[in-house]
Number of protein chains: 2
Amino acid sequence: MKLTQYQRGISGFPEWLPQHRLIENQWIDIVRQVFESFGYASVETASVEEVSSLLAKSGDTDKEIYALGRLQAQEAKDAKLALHYDLTIPFARYVAQNQNELVFPFKRYSIQKAWRGERPQDGRFREFYQCDVDVVDRDRLPIAFDAEIPTIMCEVVRRLKLGQTTLNINNRKILQGFYTGIGIQDVVSVIRCVDKVDKIGLDGALRLLVDELGLPSAVAERCVALAGIRVTDGSFAERVMELGVRSELLDEGLGELRTVVGQIEHDENTTIAVDLSIARGFDYYTGSVYEFKIDQFPDFPSFCSGGRYHDLVESFSRAKLPGVGMSFGLTRIFSKLLKEGLLPDGAKSKSEVLVVFLPGADGQKVLSKASALRKRGINVECFHEPSKVQTQLRYADRKGIAFAYFAGQDGEADEVKDMVTGIQNRVDDRWSPRLEQSIA
Amino acid sequence: MKLTQYQRGISGFPEWLPQHRLIENQWIDIVRQVFESFGYASVETASVEEVSSLLAKSGDTDKEIYALGRLQAQEAKDAKLALHYDLTIPFARYVAQNQNELVFPFKRYSIQKAWRGERPQDGRFREFYQCDVDVVDRDRLPIAFDAEIPTIMCEVVRRLKLGQTTLNINNRKILQGFYTGIGIQDVVSVIRCVDKVDKIGLDGALRLLVDELGLPSAVAERCVALAGIRVTDGSFAERVMELGVRSELLDEGLGELRTVVGQIEHDENTTIAVDLSIARGFDYYTGSVYEFKIDQFPDFPSFCSGGRYHDLVESFSRAKLPGVGMSFGLTRIFSKLLKEGLLPDGAKSKSEVLVVFLPGADGQKVLSKASALRKRGINVECFHEPSKVQTQLRYADRKGIAFAYFAGQDGEADEVKDMVTGIQNRVDDRWSPRLEQSIA
């Protein structure tokens with residue numbers, strides 16, 4: 001599979017050929033099954049929000065929002081609407097509006113498209129699928145959920161067979177507790193600098209802290225020393241302690257992180273790494289933060305990330321609803337694997353059987369045969385007109401249909417041709433392609 | 001279920017509570033299964049098209065198109081984009097762009113949202129799901145597909161349990177052949193008048209033909225006589241012949257309609273009615289036309305319609321690709337049944353089991369138990385912290401979870417409480433909620 005497989009659609013709005021869309025659908029099914037297996041319920045929000053809701057939380061992304069206007073309306077009298085650029089703000093509005101109807105802790109997932117008007121590039125699209133899983137509760141949300149959410153995503157990654165992955169974890173309380181513990185006032189600015197470590201390195205972050213924020217070198221060095229801690233075992237707390245800073249918030253953060261790391265379930269293909277440089281740019285995270293990476297693409301942005309926030313609905317409601325959630329960037333990673341030729345080469349269609357329509361055969365009988373097979377749960381195409389056997393077998397072959405079915409004429413038995421082996425056998429009314437495959 | 005179940009979202013952009021979204025998801029799954037059981041492949045196009053593509057075919061709907069603009073862009077330098085208002089134009093563009101990669105006859109389905117900026121009213125939304133199924137071929141498409149497409153929709157209707165329905169069928173060739181046979185030049189205008197019969201009655205159509213189009217009464221009366229033919233048996237050809245008009249195209253249309261009506265498969269809940277007043281407003285249909293109605297809502301607009309067109313891609317490509325397809329308005333009929341209280345009251349969540357977390361229990365063991373059940377394919381929630389049994393059972397009850405699972409402590413056996421009967425039994429590692437349900 002090469003780059004030419006990207007079709008000439010509208011730039012930034014990906015479309016796949018049927019054989020790739022089939023795999024994308026399988027991915028969506030798997031993600032949904034995993035979310036539901038943990039008891040999370042589907043919510044689908046509108047594609048649009050009022051512009052004011054989107055801007056209330058968007059930080060510096062407002063240039064990327066697609067606003068709607070009716071093509072020939074003289075003057076927009078409606079509330080200004082725009083396409084959502086993530087699934088978090090719509091979720092917050094939905095919860096605020098429906099809180100009396102929901103059961104808390106409210107566990108929900110959403111698998112929907114989001115839109116951003118930014119320049120398309122590797123891993124960035126203007127229209128893309130996000131798969132979000134979040135839980136929110138009233139006033140207080142147990143720490144157990146900070147482990148459950150990444151456990152769910154580890155299962156998604158395992159089921160999608162994404163290969164070796166690393167889940168990087170941190171806790172914002174550690175950063176905040178440590179920075180305030182060494183006398184820093186403007187914690188948010190320091191977090192923003194440190195968050196760039198994966199792009200500019202520890203030295204680069206050090207320079208930013210000194211040159212741009214004006215921190216004394218000694219202070220900046222301690223910040224960078226914290227950011228440099230990255231371990232895949234339980235030694236992170238010890239390593240932080242060695243830096244000699246103490247604060248209640250720091251202790252709380254270390255305790256939470258220890259609990260979370262201890263409770264996440266994952267298989268041997270996922271490494272759990274405590275990485276104290278991870279901060280997640282958006283400043284609404286207040287505790288655990290997560291970032292998933294695929295090991296073989298170290299420079300490719302995280303495909304799945306999230307964290308804990310102290311109040312989901314603060315812009316919409318007076319209730320306090322703490323939550324924790326992650327977002328899986330399905331289009332981002334799917335398109336990457338497609339481009340790299342790493343998607344499995346599956347069948348071109350979900351059709352399992354082609355019922356052949358031979359010249360001279362009774363069309364109604366051919367249709368009935370197809371219908372009878374379908375009633376047994378088989379995906380069946382019926383050739384649409386009598387024509388040469390070769391034409392019909394070539395059609396089955398090009399579409400990757402595994403079996404050609406010949407309905408017997410005048411009391412003769414039906415026969416089935418295996419399109420791979422070429423072997424043709426008599427069959428009776430109990431035949432099923434899945435039976436064949438389980439024997440083979 | 002009452003009107004208050006419509007949530008206070010953005011007008012015209014429907015959102016459902018989780019228990020209704022669950023049913024909507026089941027509907028989508030069923031529609032998809034049916035489409036795939038006939039060998040149709042999923043295609044998902046971008047949500048946007050270039051405005052020029054949409055206007056090329058849109059007739060008088062251009063006021064309803066939602067155009068996109070980047071919120072803070074000074075001047076739109078991009079191609080003008082807008083949200084698609086149906087799935088047909090995107091499909092045509094997709095086929096034109098990818099025709100060298102597709103296998104013909106190309107059978108595809110799309111289950112996607114579409115957007116129209118029109119005033120929300122009963123059965124009309126600004127954002128809604130459409131489920132389209134179409135087949136196109138190069139140069140020539142066998143008439144068998146004109147029966148297959150409505151057969152697929154009959155199966156959708158059967159599987160969704162929509163009750164008594166009527167599929168109204170006509171063939172544009174009959175109208176065109178008849179009208180030209182009695183000397184009418186402007187066939188399209190006559191078709192547009194006759195298409196209004198279901199709103200203004202035969203008398204109203206007669207007046208329109210005479211007063212607005214200036215047809216002589218005798219001619220107008222023959223048009224209306226044709227439109228008045230509505231039968232649920234094979235007598236339509238005879239009835240048309242009695243009107244004494246002959247033309248080659250009329251004969252062709254009658255022959256096609258006879259074949260189609262004879263080949264559609266359906267069950268006793270669907271009536272097939274030949275209704276010669278059905279024309280489908282859009283003028284790109286050239287043969288079979290279909291309109292599905294629910295018998296108990298005679299005034300509610302058709303929820304599923306379509307027809308044959310002589311060239312799908314005419315605005316995009318020089319190839320000629322005749323096709324036939326239908327579109328199922330999922331949101332339209334789903335919201336109607338929800339509003340009327342006719343949707344089944346299903347479970348509130350897909351969770352089957354709640355693993356109880358008793359005070360003093362080992363949290364890790366509770367998690368492992370949930371995980372073990374999940375590995376057996378069961379949807380399991382794990383209570384997130386130790387608390388009173390009553391609290392946890394109330395949670396299960398409110399969410400409609402059927403079983404509460406008590407992991408045995410200190411070598412004791414596990415127990416399962418049936419939340420409906422209240423009966424609690426010991427179970428072993430082979431227990432499954434589906435086993436319980438199949439016994440009950």
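Keep in mind that what you see is a predicted model, and the values were worked out from it rather than measured. The numbering scheme is per chain: residues are counted from 1 as the chain's sequence reads. In the order they appear in the text, chains get letters beginning with A and ligands get numbers beginning with 1. With pLDDT at 70 or above as the cut-off, local features in this predicted model cover only qualifying residues; side-chain atom pairs require 80 or more to be listed or tallied, and sums for whole chains, interfaces and linings still use all residues. Working from all heavy atoms in the structure, the side-chain values ignore hydrogens and water.

1. Re the overall build of chain A
How we decide: In DSSP terms, a helix is any run of H or I states spanning at least four residues, a strand is any run of E spanning at least two, and both are numbered starting from the N terminus. Exposure classes here rest on a 1.4 Å probe applied to the protein chains alone. A residue is buried below 20% of its type maximum, exposed above 50%, and partly exposed in between. Each accessible area is a Shrake-Rupley estimate made with a 1.4 Å probe; only the visible protein chains count as cover when residues are assessed. Residues scored as charged are limited to Lys and Arg (positive) and Asp and Glu (negative), so that His and the chain ends carry no count. To locate a charge, take atom NZ for lysine, CZ for arginine, CG for aspartate or CD for glutamate.
Summing up its helical and strand segments, chain A has 14 helices and 17 strands in all. Put simply, chain A has 440 residues, and 58% of those count as buried. For chain A, the exposed area adds up to about 18900 Å²; of that, 47% sits on carbon and sulfur atoms. Put simply, chain A has 56 plus and 63 minus side-chain charges, and the middle of one group is 4 Å from the middle of the other.

2. Brief notes about helix H5 (residues 172-181) of chain B
Residues and elements named next belong to chain B. Put simply, the rule is: The contact criterion used is simple: two residues touch if any of their non-hydrogen atoms lie within 4.5 Å. Polar contacts, as used here, are pairs of N or O atoms within 3.5 Å; protein pairs need one atom able to donate a hydrogen and one able to accept it. Residues neighboring in sequence count only if both atoms are side-chain atoms.
Extensive coverage of H5 is indicated by the burial of seven of its 10 residues. If you check which residues of H5 are buried, you get Arg172, Lys173, Ile174, Leu175, Gly177, Phe178 and Tyr179. Where the residues of H5 are buried, they touch strand S7 (165-171), helix H6 (187-194), helix H8 (217-227), helix H10 (248-263) and strand S10 (285-294). N-capping of H5 is provided by Asn171, with a side-chain oxygen placed 2.9 Å from the backbone N of Lys173. Two residues or fewer after H5 comes Gly183, characterised by a positive phi angle close to 90 degrees.

3. What to know about the pairing of strand S15 (residues 403-406) of chain A
All names here are of chain A. Let me state the cut-off plainly: A pair of strands is considered paired only if DSSP assigns at least 2 bridges between the two.
Of the two faces of S15, the one holding Phe403 and Tyr405 and the one holding Ala404 and Phe406 are both buried throughout. Sheet analysis places S15 next to strand S16 (residues 414-418), joined by four bridges and oriented antiparallel. Across the sheet, the residue bridging to Phe406 is Glu415, located in S16.

4. Some points on the pattern of salt bridges
Operational definition: What counts as a salt bridge is simple: a side-chain nitrogen of Lys or Arg found within 4 Å of a carboxyl oxygen of Asp or Glu.
One pass over the structure, following the stated rule, counts 49 salt bridges over all chains. A:Arg32 is the salt-bridge partner of B:Asp29, the closest N and O atoms lying 2.6 Å from each other. Note that B:Asp29 is positioned in helix H1 (residues 18-37) and A:Arg32 in helix H1 (residues 18-37), a pairing that runs across two chains. The partly exposed category is assigned to B:Asp29, whose relative accessible area is 22%. Here B:Lys350 makes a salt bridge to A:Glu36, at a shortest N to O gap of 3.2 Å. Taken as a pair, B:Lys350 in the loop between helix H11 (330-339) and strand S13 (353-355) and A:Glu36 in helix H1 lie in two separate chains rather than in one. By relative accessible area, A:Glu36 is classed as buried at 9%.

5. Considerations on the environment of A:Ile182
Residues and elements named next belong to chain A. Mapped onto the secondary structure, Ile182 falls in the loop between helix H5 (172-181) and helix H6 (187-194). Sequence separation between Ile182 and Arg246 is 64 residues, and the spatial gap between their C-alpha atoms is 8.7 Å. Setting aside its immediate chain neighbours within four residues, Ile182 contacts Val219, Arg222, Cys223 and Val245.

6. As for the sheet that holds S15(A)
Sheet strands pair by backbone hydrogen bonding; their relative direction is either parallel or antiparallel. Residues and elements named next belong to chain A. Operational definition: Throughout, an axis means a line fitted to C-alpha atoms (over the contacting stretch in the case of helices), and angles, computed between N-to-C directions, take values from 0 to 180 degrees.
On the basis of which strands lie adjacent, the open sheet formed by five strands has the order S14-S13-S15-S16-S17 and mixed pairing. Two strands close off the open sheet at either side, each with one partner strand: strand S14 (380-382) and strand S17 (424-427). The average angle at which neighbouring strand axes cross in this sheet is 25 degrees, direction not considered.

7. Some remarks on the sheet that holds strand S17 (residues 424-427) of chain B
Residues and elements named next belong to chain B. Strand order in this open sheet of five strands is S14-S13-S15-S16-S17, and the pairing throughout is mixed. Among the strands making up the open sheet, the edge pair consists of strand S14 (380-382) and S17. On average, each strand axis in the sheet is inclined to that of its neighbour by 25 degrees, with strand direction left out of account. Relative to strand S15 (residues 403-406), S13 is paired through three bridges, and the arrangement is parallel. Among the inter-strand pairings, Leu354 is bridged to a residue of S15, identified as Ala404. Its contacts with the sheet put helix H12 (residues 363-375) on S13, S14, S15 and strand S16 (414-418), and the angle it makes with S14 is roughly 175 degrees.

8. Considering the interface of chain A and chain B
Note the cut-off: Buried area is understood as the total, over both parts, of accessible area removed when two parts are fitted together, assessed with a 1.4 Å probe.
On the side of chain B, 83 residues touch chain A, which itself brings 84 residues to the contact. Contact between chain A and chain B buries roughly 7800 Å² in total, counting both sides, with carbon and sulfur atoms accounting for 48%. Taken together, chain A and chain B are joined by 14 salt bridges. A salt bridge links A:Lys113 to B:Glu44; the nearest nitrogen and oxygen atoms lie 2.9 Å apart. Between the two partners, chain A and chain B, sit 34 residue pairs in polar contact (both at pLDDT 80 or more). Top contributing element to the side of chain A that touches chain B by residue count: H1(A), with seven residues. Alignment of strand S3 (residues 66-70) of chain A against strand S3 (residues 66-70) of chain B, held across five bridges, turns out to be antiparallel.

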